[in-house]
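# Report on the structure
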Amino acid sequence: MATRNVTMVVHRQESEKYVKGFAVNPTEVADKSYVNMYLHHDGYPEYQGVQTANWIKYMQDTKGFTNFGDGSRIAAHLVKDMHYNSQYLYPNVDNIDHNYTYIIWVGKSDVWVSCWNQYTDECVFVSTPDKMIKKWSKVAEFEYTDWNYKHNTNKAG
């Protein structure tokens, strides 16, 4: 299924300028994003939302990124780890038609993620990774990436 999505990485202090906080429309903070990573498939919260939450937990719990403080570093790892042949990087979140925009709010160890539905022009959720996994992974049965396995098999050798 080609439910297209874009993931942004934005420092959380940018949300403080808006009444809606983390629920802000992504176009309002587009110029502050470290990356606009487009993925062509499975962008709905039940998959990409949970996939993103699982990745954040892996980076914190396994890789030791306890403080998601450096947005450029997080963005680089995100792009590398989520790479597949239908992944693209765009200069702006509005450069490509897509259904969902995820923002990973960095700057502190308590990482938050927001999801914006571009077609309905509304915030779907603002949540922590644990709450995202609890709510959205129960909706449907998917095979999510085993980040430990992927990282152990992607080593050059």
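Residues numbered from 1 in each chain as written. Predicted model: local features only at pLDDT ≥ 70, side-chain atom pairs only at ≥ 80, totals over all residues. Heavy atoms only, no water.

## Some details on the overall build of the chain
If you tally the helices and strands in the chain, you get 4 helices and 6 strands. For the chain, the succession of helices and strands along the chain, N to C, is β-β-α-α-β-β-β-β-α-α. Here the chain has a C-alpha radius of gyration of 14 Å; the compact-globule value for 157 residues is 15 Å, and the two agree. By principal-axis analysis of the C-alpha atoms, the chain measures approximately 45 × 35 × 30 Å. Across the 157 residues of the chain, 49% fall into the buried class. Element-wise, carbon and sulfur atoms account for 47% of the exposed surface of the chain, whose accessible area totals about 8,100 Å². Here the chain carries 16 positive and 18 negative side-chain charges, and the mean point of each set is 6 Å from the other. (Helix = DSSP H or I, 4+ residues; strand = E, 2+ residues; numbered from the N terminus. Rg over C-alpha atoms; globule rule 2.2 N^0.38 Å. Buried < 20%, exposed > 50% of the residue type's maximum accessible area, 1.4 Å probe, protein only. Areas by Shrake-Rupley, 256 points an atom, 1.4 Å probe, with all protein chains shown as cover. Lys, Arg positive; Asp, Glu negative; His and termini not counted. Charge placed at Lys NZ, Arg CZ, Asp CG, Glu CD.)

## Notes on the packing of helix 1 (residues 45–61) against helix 2 (residues 71–82)
When two helices pack together, you describe them by how their axes are tilted relative to each other and by the distance separating the axes. Put simply, helix 1 and helix 2 touch, their axes get as near as 12 Å, and they point 120° apart. By the angle between their axes, helix 1 is oblique relative to helix 2. Classified by chirality, the crossing of helix 2 by helix 1 is right-handed. On helix 2, the residues touching Gln48, Gln51, Thr52, Trp55 and Met59 of helix 1 are Ile74, His77, Leu78, Asp81 and Met82. Considering only residue class, the contact of helix 1 with helix 2 consists of 5 nonpolar, 4 polar and 1 charged. (Axes fitted to C-alpha atoms, helices over the stretch in contact; angles between N-to-C directions. Parallel < 35°, antiparallel > 145°, perpendicular 65-115°, else oblique. Left-handed = near helix turned anticlockwise from the far one by under 90°. Contact = heavy atoms within 4.5 Å. Nonpolar A, V, L, I, M, F, W, Y, C, P; charged D, E, K, R; others polar.)

## Remarks on the sheet that holds strand 1 (residues 5–11)
Taken in spatial order, the 6 strands make up an open sheet running 3-2-1-4-5-6, and their pairing is mixed. Because the sheet does not close on itself, it has two edges, and the strands there are strand 3 (87–89) and strand 6 (122–127). In this sheet, adjacent strand axes meet at a mean angle of 20° when their direction is disregarded. Relative to strand 5 (residues 112–117), strand 4 (residues 100–106) runs antiparallel, the two sharing 6 bridges. (Pairing = 2+ DSSP bridges.)

## Focus: the pairing of strand 1
Across the 7 residues of strand 1, 6 count as buried, placing the element largely inside the fold. Alignment of strand 1 against strand 2 (residues 36–39), held across 4 bridges, turns out to be antiparallel. The residue of strand 2 that forms the bridge with threonine 7 is methionine 37.

## With respect to the pattern of salt bridges
Applying the stated rule across the entire model yields 7 salt bridges. For arginine 4, the salt bridge is made with aspartate 97, and the minimal N-O distance between the two is 2.7 Å. Linking arginine 4 in the segment before strand 1 with aspartate 97 in the loop between strand 3 and strand 4, this pair joins segments that are 93 residues apart in sequence. On the accessibility criterion, arginine 4 (18% relative accessible area) is buried. Among the ionic pairs, lysine 80 bridges to aspartate 81, the shortest N-O distance being 3.2 Å. Members of the salt-bridge network, linked through shared partners, are Lys57, Asp61 and Asp130. (Salt bridge = Lys/Arg side-chain N within 4 Å of Asp/Glu carboxyl O.)

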